[in-house]
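Topology and contacts: notes
Each chain, letter by letter, is given below.
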Amino acid sequence: MSSTSLLIRRARILLPDGQFLFGDVQTQGQEIIQVAPKISSSEAHEINAEGLTLLPGIIDPQVHFREPGLEHKEDLLTASKACVRGGVTSFLEMPNTHPLTTTQAALDDKLKRAAQKCLVNYGFFIGATAENLPDLLTANPTPGIKIFMGSMHGPLLVDTEEKLEPIFAKGKRLIAVHAENQACIDQRKQEFAGITDPAIHSQIQNNEVALLATKMALKLSKKYQRRLHILHTSTGDEAELLRLDKPSWITAEVTPQHLLLNTSAYEKIGTLAQMNPPVKSARDNEILWQALLDGVIDFIATDHAPHTLAEKAKGYPNTPSGMPGVETSLPLMLTQAIQGKCTIAQVSHWMSTAVAQGYGIPKKGAIAPGFDADLVLVDLDNYRPVLREELMTKCGWSPFEGWNLTGWPVVTIVGGQIVFNRGEINSEVHGQALKFLAT
Ligand code: DOR
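Everything numeric here is computed off the predicted structure, so don't read it as measured data.

On to the nonpolar core. The nonpolar side chains of soluble globular proteins are, as a tendency, buried together. In terms of nonpolar packing, the biggest core is built from 90 residues, with F91, I147, V177, L228 and L330 touching the most fellow members. Not counting residues within four places of it along the chain, the set of residues in contact with V177 comprises I147, M149, F168, A217, L228, H229, I230 and L231. Formed by 19 residues, the second largest nonpolar core is a distinct cluster that contains V25, L54, A373 and L375.

What follows is the structure, encoded as structure tokens:
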């Protein structure tokens, strides 16, 4: 734990009420201790933030960081480096690693690895199988239970009402669902068998596939008043359903790629656009945006799911689904804000404040005394393209290569320590295990 004091000077600071203050922020150890127009301190390490905007660090609530077992795609250190370059100071990671995170022992192993390797703060979901209800009830610490209702093989697939119901019926902790209907996917895969154009992926796992599963999750959540989070909402149909009928204990998220990419992406980047749930139409982009702006969708996650270029070159349908995201999500969304689609305060709310609230993560998501000093200074005056050679993710590619973006992080601070500074990474910094009040 650091006892350093930082003094961030002359920043444009985003305050919790969405207003900006031109001024200074002082940290002591891992906390913010003062926010004011001018702070004088001779002891603190000063950061000149003139011309830069200070935001609460991003909390990415859905990532796949591949350790243990799939480290040829990514590991906790390379993922951490990508996080800090993207202004992500905390992440919640998914259980489809090898071994699967379905027991306390597997969860403990991830926490131990993270304590040694992570430059940012971390939390790990416990994965549901049809058999591990006792583990789901007691696993700790965890943001919640991840259920793959579809798009997954092996024990992590929990795809029928019969298997889902006991998980919703017992316990109170948050359930996060990947909502795609597996029976429907299987049937449509047979219908479209033999087609090697990756664009068919979005037709196989179409809007109906997602809607059926989301309806089932909503039905069970309402029956048991069970805290439910719908991961990576991908269709206008789900957004419209949630607009009509979303009890207070249900939240939903969307990814930047489901807002900004659609089926036209296959022509340009082929299987690099392949993910689950697949990208949909331009009309779906629009409805998802509106749902986010209206508060029907609560927050943003990347679903960072790296695969190597060799794996992505295998040819559809032998290519794995998934794309990296932590390095580009904040500049992508801030570029949207600068171009008038939304405000900077909304981006910060969706990518930090609302996530902390939704998962009950204390002391995160705001720039105010007493909050953790997880911060990112971004440059909103200059544009830079996404360049493959600059990426930190081990997979070494991005679906957004060539996109000209503003809002790139200049300095990223985790727990009061500078971990990313104008391109340089300090690998000596250690993140901490997140706490979850809600579970
Ligand atoms: O596209 C995806 N890839 N969606 C998922 O749900 C899993 C992920 C992965 O782990 O590769």
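That shown, we press on.
Okay, empty space enclosed by the protein next. Under the defined criterion, the tally for this structure stands at 2 cavities of 30 Å³ or more. Empty space within the largest cavity amounts to approximately 50 Å³. Lining the largest cavity are 13 residues, with P56, G57, K364, G365 and D374 sitting closest to its centre. Split into classes, the residues belonging to the lining of the largest cavity amount to 4 nonpolar, 5 polar and 4 charged. Considered as a void within the structure, the second largest cavity measures approximately 50 Å³ in volume. Every residue along the wall of the second largest cavity is listed here: H304, P324, G325, V326, E327, T328, L391, T393, W397, S398 and P399.

Looking at the element boundaries, S221 is found in helix α7 (residues 207-224). On the basis of relative accessible area, S221 is assigned to the buried category, the value being 0%. Ignoring anything within four residues of it in the chain, the contact list for S221 reads F168, R226, L228, W249 and I250.

Glancing now at the side chain of S234. Residue placement: S234 occurs in the loop between β12 (228-230) and α8 (236-244). By relative accessible area, S234 is classed as buried at 1%. Polar side-chain contacts of S234 include one of 2.8 Å to the side chain of K280. For S234, the contacting residues outside a window of four places in its chain are A210, H258, P277, P278, K280, D284 and L288.

Reading guide: rules and limits
Residues numbered from 1 in each chain as written. Predicted model: local features only at pLDDT ≥ 70, side-chain atom pairs only at ≥ 80, totals over all residues. Heavy atoms only, no water. Core = buried A, V, L, I, M, F, W, Y, C linked by side-chain atoms within 4.5 Å. Buried < 20%, exposed > 50% of the residue type's maximum accessible area, 1.4 Å probe, protein only. Contact = heavy atoms within 4.5 Å. 1 Å grid on protein atoms, 1.4 Å probe; cavity = no way out; pocket = protein on both sides within 12 Å on 5 of 7 lines; lining within 4 Å. Points joined across faces, edges and corners; volume = space filled by probe spheres on them. Nonpolar A, V, L, I, M, F, W, Y, C, P; charged D, E, K, R; others polar. Helix = DSSP H or I, 4+ residues; strand = E, 2+ residues; numbered from the N terminus. Polar contact = N/O pair within 3.5 Å; in protein donor to acceptor, adjacent residues only side chain to side chain.

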